[in-house]
Structures are given as structure tokens and as C-alpha cells.
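What follows is each chain in one-letter form.
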Amino acid sequence: MGLYESVTEYMKQAGMLTDVGGVVVGVSGGADSVALLRVLCQCRDTISLQKGVKPADALKINVIHINHMIRGEEADRDERFVQDLCQRLDVSFKVYREDIPKMARDQHLSEEEAGRIFRYQCFEKEADLLSKEGTDAREVRIAVAHNKDDLAETVLFNMIRGSSLLGLSGIKPVVGRIIRPLLMTSRAEIEDYLKELGQDYITDSTNLTTDYTRNKIRLSIIPQLREINGSAVDHIVEVAQDASRLNQDIAAEISAHYYVENNSTTDREANQEIHIPSFRTLSTLAKGELVLSKMEKLSGRRKDITREHIRSVCALADMESGKSVDLIYGIQARRSYDTIVLSIKSNNKKTSITQEQTMEKSGESQPTGTITTEIIPYDASLDLSKKEYTKLIDCDKINFVPVLRTPQPDDFIVVSGEGGSKKLSRFFTHSKVDREKRESFPVVADGDEIIWVVGLRLSERYKVTGSTKRVMRITYTEK
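The rules we used
Residues numbered from 1 in each chain as written. Predicted model: local features only at pLDDT ≥ 70, side-chain atom pairs only at ≥ 80, totals over all residues. Heavy atoms only, no water. Pairing = 2+ DSSP bridges. Helix = DSSP H or I, 4+ residues; strand = E, 2+ residues; numbered from the N terminus. Axes fitted to C-alpha atoms, helices over the stretch in contact; angles between N-to-C directions. Contact = heavy atoms within 4.5 Å. Expected span 1.5 Å × (residues − 1). Buried < 20%, exposed > 50% of the residue type's maximum accessible area, 1.4 Å probe, protein only. Arc of directions from axis to C-beta. pLDDT = per-residue confidence, 0-100.

Let's talk about the sheet that holds strand β7 (residues 272-275)
Sheet strands associate in pairs through backbone hydrogen bonding, adopting either a parallel or an antiparallel arrangement. Ordered in space as β7-β10-β9-β8, the four strands form an open sheet in which the pairing is antiparallel. The open sheet has two edge strands with one neighbour each: β7 and β8 (324-326). Within this sheet the neighbouring strands show an average axis-to-axis angle of 15°, counted without direction. Pairing analysis gives four bridges linking β7 to strand β10 (residues 339-344), with the strands arranged antiparallel. Across the sheet, Gln 272 pairs through a bridge with Leu 342, a residue of β10. Taken strand by strand, helix α12 (residues 284-299) contacts β7, β9 (331-336) and β10, and its axis lies near 165° from that of β7.

Concerning the environment of Cys 395
Turning to its location among the elements, Cys 395 is positioned in the loop between β12 (390-394) and β13 (403-405). When sequence neighbours within four positions are dropped, the list of residues in contact with Cys 395 reads Ile 375, Arg 470, Val 471 and Met 472.

Description of α12
Compared with the 22 Å implied by 1.5 Å per residue over 16 residues, the 23 Å span of α12 between its first and last C-alpha is a close match. Contacts made by the buried residues of α12 are with α10 (232-257), β7, α11 (276-279), α13 (307-315), β9 and β10. Once α12 ends, the next one or two residues include Gly 300, with phi positive near 80°.

Some points on helix α5 (residues 100-107)
Within the span of α5, buried status applies to Ile 100, Pro 101, Met 103 and Ala 104. End-on view of α5: buried residues confined to an arc of 160°, all on one side of the axis. On its buried face, α5 is in contact with α6 (111-133). Phi for His 108, located one or two positions after α5, is positive at around 55°.

Digging into the confidence of the model for the protein
Here the protein shows a mean pLDDT of 86. Residues at 70 or above account for 90%. Of all the helices and strands in the protein, helix α14 (residues 355-361) carries the lowest mean pLDDT, 37, while strand β6 (residues 178-179) carries the highest, 96. In this model, residues 261-269 is a region of pLDDT below 50 whose contacts with residues beyond four sequence positions or in other chains number 18 contacts. Scored below 50 in pLDDT, residues 348-363 shows seven contacts in the model against residues more than four places distant or in partner chains.

So, in C-alpha cells, the structure goes:
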């Protein structure tokens, strides 16, 4: 079986082109990306013949070339090469230029990371544009040219960096709309394929130096491993496939045994919480993956999150409430009673002058919700005791107009039928309310006396009794 046949079979098994009408292809001019483009063009032409339609109607291919503005004339040469190739193959061509060294300096990234981020931003932008153009309601994909050697290098790179076992799965064949058709094809097979086609390609001079970590692995470590065992790359890829299958099993375990309602937020500015009792039921690997996913939601990336970071968070499950640990990307993890709370430390968050900050400076605060009240005659059928956000209180026991606000230092709540009260701060402690949530916790107050700690407790003083004549129905609504 030739390369074209093996790659198309791989794409079919992974559903890479199923119901796909357009593909954005990243082409640098190197052997891998040129081979990817040739394979996709051959797919386009085959579909065109099978369906009796024009090639562009069978599969629209848009090539994107990124000029990183690092190698001067050599980079311009690469751009011209890709443009000429696209003209010969009758595919769309667009170039993006960016001063990657400057971007890296400005954003405190390595040039490798800055280049990768910019490339994928361009790919996603073009995919969105292609989708808007319309491809008969079919999907749009982004094709990149990672191959089997890249996968092996990534596994070694992650292992050296301190990745967990699950991180050894390396590069995935399909992530969202990104596809990697050549992932199970070796670099030698790619070069042989291009030779058979008589297709030339260019070599990026930076790939021949050991200035970058990946190049050291590619140029020094992999060749030595092949000297030990000629099938070293294949064996590393097999480990990656095993890790990928294990990853799926771990995801299934988390889904089956760990579930906490209202803890699925993807807002990077929001806290991420781990419910410790449920967390303890998971296997060690599942715990690590859960922590990693929470950190990724906060930071938007997994890169450089190591097993040591994960171990530090897991260890909080066996520590007392109040313990904390500082992690990468400004993330802080702390134990708060039965919960591990992960958040971005305040000095790492973007700041701007807002109304909320102005109120904080003046010592004022407002709750995030609203209340509505209604006074009605009491009827024993009006039992709302089990409704979390609607309560009935004895209207004749109110001294002032009830207001919704946040806690104040002198607040107290009556907790016994005999009139025994408790400071609100102490009530929060006994109720295991996270310290960082207490200042903004919504309460309904009658002066300094708390009528209702929303969602937690109604004061004993204001409860309806057999002698109640009128009731106030209070309903809390989150904004």
C-alpha cells in the first residue's frame, strides 16, 4: 500500500474528511506540509471524478503560509515557493506575516511558542472565513502536517519536561476541527512519496540547528535511539497510543464517578473547584487528570503544567482547611473545608477601574442578585420550606424594610427557637462557607439582624408559626 492509500485509509478511520467541504492547510514549503497538500489535492481530484463535480466543489482547499520574519531572504524564498506550488495545483493561497521574535519578547514566550500560537490563530481565522463562504453546509477542517516522527519527538519532549503518564499520548489525530492526516506516516515515507511524484520541497535552515529543544531531540537523540533499535520511533508511537487509550479510560472513570453540580464552568477568570469526598474515590491517574483539566480551564493551556504541580494540588486533599499552594500561570490552589479551590491570584488578573472596585474602595459591596417581596394572608397550604430561593416569613415580626445586601461586621442570626443567636461570621465558619465568598454572600437583613442567609438558612425569629396572620414571600433571583 502506497502513502496516498495508507493516509486516506487513516483519514477515513478517524472521520477526518467526513462531510467536509473545505480544508485550510498550513504549508511551510517543507517536505511534510508539501506532501500533505499533494495528498489532499489528490483526494479532491478523486472525489471530483467520483461525483462528477468541479474539483473546488468536491473539496475546497485554502493554503495558508506563515512568514515568521526570522530568516530574511530565506523566508521570502519559502513564501514564493509555496505560492508557485499553489498556482500549479490550482488551490487558494494566502500569506500571513508576523514579527515572531518581537511577539515572543512582548508576550514573554519562546519563539517556538509564539510562532505556534500565531500559526493556529491564522488557521482558525481562515477556517471561520471559509465556513462563512459556504461549503454546501459541510464542515471545514484545518489540516496540519505532523507526522509519526513528530509524535515520537513530542512524547520524548513531554517526558523530559515532567509530563504525567497521560501526557505521553502526545499529539492527537483530531482535536476539534484540526486534523493530522500524516500522523501515522514516517518522515522517510513522506520523502519517498515526494520523490516518486518528482515533487521538490525546501528545507528550513533553523530545522538543522540545535538552537531549539525539539531540534536537539530530532537531530541528536532520535538518531541515537535508532542506533540502539531501528524501530525505536515505532515503539515510542505505540506507547503514545497506549497512553491515548488510557486517557479515554480515565475520562470515562471521571465521568462515571466524579460529578459535582454547577462545577462545569469554562470561564478562565472563575474559580475551579474540586469536591474532595468525590475526588478521593478516583484512581491516582484520574485525580491527576481532573486537576490538570481544572488548571487548563483557568490558564487556557496545559503546557508546562508538570506532575509536581498536580501532586501539590492532590496533597491539599489530606491537609487542613486554609492550606494553599502557588502554582504556574499565577494559579493558587487552597483547601476550603471539603473543597479544593483553584483560582488566579488577584495580582495576576487584568485590572481596570470598574464600579465594583470603586465600591470596594469605599467599603461598600453589593450582592449579585435581586429579591422580590409580596405580602399575602397566611394560608397553611403555602409551604415553601423546601424551596431554596423562595421563603415565607412572618410579616408582623419585621422591624424595618427587608433589604438584600452583603454581610456587615455586626450581623447576627437567630439559630434557636429560644432566641439564641450567632454572629454571622461564626455561622459562616460552622457552615463551611469559603472565606473568599463570605464578603459577597447574599443575605436578607432586618437592620443588623439577618432574616435569611440566601440558600443556607432562615432565621428562627422570622419563621411562620400557628399564630401568623400575614406573610412576606421573598424570592431571590441571581443576576
